[in-house]
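# Coordinates in review
Here are the chains, one letter per residue:
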Amino acid sequence: MPSRKFADGEVVRGRWPGSSLYYEVEILSHDSTSQLYTVKYKDGTELELKENDIKPLTSFRQRKGGSTSSSPSRRRGSRSRSRSRSPGRPPKSARRSASASHQANIKEARREVEVKLTPLILKPFGNSISRYNGEPEHTERNDIPHKNTQEKFNLSQESSYISTQYSLRPRREEVKLKEIDSKEEKFIAKELAVRTFEVTPIRAKDLEFGGVPGVFLIMFGLPVFLFLLLLMCKQKDPSLLNFPPPLPALYELWETRVFGVYLLWFLIQVLFYLLPIGKVVEGTPLIDGRRLKYRLNGFYAFILTSAVIGTSLFQGVEFHYVYSHFLQFALGATVFCVVLSVYLYMRSLKAPRNDLSPASSGNAVYDFFIGRELNPRIGTFDLKYFCELRPGLIGWVVINLVMLLAEMKIQDRAIPSLAMILVNSFQLLYVVDALWNEEALLTTMDIIHDGFGFMLAFGDLVWVPFIYSFQAFYLVSHPNEVSWPMASLIIVLKLCGYVIFRGANSQKNAFRKNPSDPKLAHLKTIHTSMGKHLLVSGWWGFVRHPNYLGDLIMALAWSLPCGFNHILPYFYVIYFTMLLVHREARDEYHCKKKYGMAWEKYCQRVPYRIFPYIY
Ligand SMILES: NC(=O)C1=CN([C@@H]2O[C@H](COP(=O)(O)OP(=O)(O)OC[C@H]3O[C@@H](n4cnc5c(N)ncnc54)[C@H](OP(=O)(O)O)[C@@H]3O)[C@@H](O)[C@H]2O)C=CC1
Ligand SMILES: CC(C)=CCC[C@@H](C)[C@H]1CC=C2C3=C(CC[C@@]21C)[C@@]1(C)CC[C@H](O)C(C)(C)[C@@H]1CC3
């Protein structure tokens, strides 16, 4: 077994990727297979480094003392030292006075290379997830980052010297700087992207959703909870104080015919997805710089589905079958999702490393849940992208329609209740909006960060259609008369929520697509050392997740038509608040990692996360 040179907990110097600078790091662990050390920099950044990129502290002390090291950085250092009148070079006395370790290091860097900084420009829509960034250059600019802007390396600021987004080079090479810049930026971007991805597997303490026990509980708990909720809702008095009805035996719930109908539905959606209609767009850059292509035809799929449903209704197809076998459909979808998740996990074992999701951890249970592969595809068929918007989301609207028809049948109504109309039209607007703005999905956490595993498969294919249609399901057996004034208030609430949700999402998407869009010129931004900017005015200056706020207001408007007799129809609002608060925390964690100080500055400027003056 190969031996390791450095022990856990040892404080050494680690080379910062892409540069010849060494910083004080602590050894956290060592992987004997890959022969990589996980190290922690003083700012908290964790990376994996090769043994060659790590030096004992003593070797630096020696060098400072004037030993003749033959390391490349040292050689460069000697050359730059010869230019004694360099303005960037500190006086000798200052150099000698350095005592704190990183100060010494800064001075070392000053002696070694007199550097120029070139902000690394990343394409808009960059999704390179786990890159660390330090201090923003400056704030409140409305322009896109300037290419080739050269700045003096300000070594007095602790965080600036570790910014990965700057390329460091000796001054003597200044002549060809511009030429080199573009090549080097591309190279470093790629290098860093690959390196940081390769080098930052999530360690046990970083696992989200409560780690392995948490995801285990979610995977078993959610399906059970789903059936309990549906059974409770079917009761005459769906009070929480009533004992939940016992779960029926599996054989009572399983119906092969139902499963067949479900498969047929799924295949029809696959067919619509494959139709060569609609624009093809590129997704955000992947870790290796590739951009996947996506066809935007979700809205067409919705129109075609509506035509199929309309024709079937006209032909007398009995849609009540879906209502009377609702639990069986839910079980069919759950079984399908489990099979799909197993398939996804198995195929991910053969996936190249670059195709793995940054959320994956190496733990089988956790990865089965969060998804190992980021964008599993069969040819050009993108499984995650397809499942996120098609069978479940469009299925939700169809189920709502089924509930509307069931209400009319069961309650013997000539027309649906106002409450049912409100719920149906609100949620129809939400789904149509998602399909109309399909491209925006490409920048969501689900597509960029999370893999495709049980979580999204279950969320997309079971949770969305069978839980998000809960209000309509509730109204079938628990009618609620809504007065027109009350309906008007609810409509106003829904519209307020929608304006915030759509306004925020569109503003961010437009900005990420084209940061110099003249329509956004009035907005203030913070520049980050990633090269990207963060909006600090407009919707994104109101709270840090205005889109979540809008979504939650809409969720409340979907529940209000069910009245106040029971808490059950408000389950969606409660669950959704928990989901978005947790999601916000996850996003915050990733943004902090990505944008470092710039993100902290943004948090100071916009202190509330979702609810103004509350949270
Ligand atoms: N109905 C449902 O069940 C669910 C709905 N949703 C909805 O999906 C939508 C997308 O949500 P989600 O993917 O979680 O997150 P967001 O769309 O809010 O995206 C978060 C990302 O936006 C960027 N960002 C954050 N702050 C700023 C800023 N100030 N200026 C510019 N860019 C910023 C960052 O990425 P970067 O800088 O890299 O671009 C960040 O990672 C939301 O509307 C949400 O409500 C979400 C989950 C469930
Ligand atoms: C633990 C558990 C139950 C997880 C499942 C979460 C999923 C239900 C949600 C995760 C992100 C989602 C999004 C939408 C639906 C719900 C899930 C899948 C979304 C498609 C709804 C419509 C929006 O306009 C949207 C496209 C922005 C949104 C994207 C995220």
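In this text the structure is predicted, and so the values were computed from the model without any measurement.

## Here we look at the nonpolar core
- Counting residues in hydrophobic clusters, the biggest one holds 119 residues, and the most contacted among them are L226, M403, F466 and Y468.
- Filtering out sequence-adjacent residues up to four positions away, Y468 remains in contact with W396, Q427, W463, Y572, Y575 and F576.
- L520, L523, Y602 and V606 belong to the second-largest nonpolar core, a separate cluster that totals 17 residues.

## Observations regarding the environment of V402
- In this structure, V402 sits in helix 14 (residues 391–410).
- Once the C-alpha coordinates of V402 and Y323 are considered, the two residues, 79 residues apart in sequence, prove to be 6.6 Å apart.

## Observations regarding the side chain of R390
- Looking at the secondary structure, you find R390 in the loop between helix 13 (383–389) and helix 14.
- Since its relative accessible area comes to 1%, R390 is described here as buried.
- Among the polar contacts made by the side chain of R390, one reaches the side chain of N297 at a distance of 2.7 Å.
- Beyond its immediate stretch of four places on either side in the chain, R390 contacts Q269, Y273, R295, N297, G298, A301, G395 and E438.

## Points about the packing of helix 14 against helix 15 (residues 418–436)
- Packing of helix 14 against helix 15 brings their axes to within 10 Å, and their N-to-C directions diverge by 165 degrees. Relative to helix 15, the element helix 14 is oriented roughly antiparallel. As for how helix 14 packs across helix 15, the hand of that crossing is left-handed. From helix 14, L393, I394, W396, V397, N400, L401, M403, L404 and E407 reach across to helix 15, where they touch M420, N424, Q427, L428, Y430, V431, A434 and L435.

## A few points about the state of the cysteines
- A full pass over the atoms with the stated rule returns 0 disulfides.
- No disulfide involves C387; its nearest neighbouring cysteine sulfur is the one of C337, lying 9.3 Å away.
- A relative accessible area of 1% places C387 in the buried class.
- Take C496: it sits in no disulfide, and the sulfur closest to it among the cysteines is that of C562, at 20 Å.
- According to the relative accessible area criterion, C496 is partly exposed, its value standing at 40%.

## With respect to the site of ligand 1
- Close contacts around ligand 1 come from 26 residues, with Y468, Y548, D551, R583 and Y595 the closest.
- A distance of 2.4 Å separates an oxygen atom of ligand 1 from a polar atom in the side chain of Y548.
- The side chain of D551 places a nitrogen or oxygen atom 2.5 Å from an oxygen atom of ligand 1.
- Out of a free accessible area of 910 Å², ligand 1 has 89% covered by protein chains.
- Looking at the shell around ligand 1, the elements that each hand over two or more residues are helix 19 (484–513), strand 14 (533–535), helix 20 (546–559), helix 21 (571–595) and helix 22 (597–605).
- Ranked by residue count, the leading element in the shell around ligand 1 is helix 21, at 8 residues.
- By residue class, the composition of the shell around ligand 1 is 15 nonpolar, 4 polar and 7 charged.

Thresholds applied
Residues numbered from 1 in each chain as written. Chains lettered and ligands numbered in written order. Predicted model: local features only at pLDDT ≥ 70, side-chain atom pairs only at ≥ 80, totals over all residues. Heavy atoms only, no water. Core = buried A, V, L, I, M, F, W, Y, C linked by side-chain atoms within 4.5 Å. Buried < 20%, exposed > 50% of the residue type's maximum accessible area, 1.4 Å probe, protein only. Contact = heavy atoms within 4.5 Å. Helix = DSSP H or I, 4+ residues; strand = E, 2+ residues; numbered from the N terminus. Polar contact = N/O pair within 3.5 Å; in protein donor to acceptor, adjacent residues only side chain to side chain. Axes fitted to C-alpha atoms, helices over the stretch in contact; angles between N-to-C directions. Parallel < 35°, antiparallel > 145°, perpendicular 65-115°, else oblique. Left-handed = near helix turned anticlockwise from the far one by under 90°. Disulfide = S-S within 2.5 Å. Near = heavy atom within 4 Å. Areas by Shrake-Rupley, 256 points an atom, 1.4 Å probe, with all protein chains shown as cover. Nonpolar A, V, L, I, M, F, W, Y, C, P; charged D, E, K, R; others polar.

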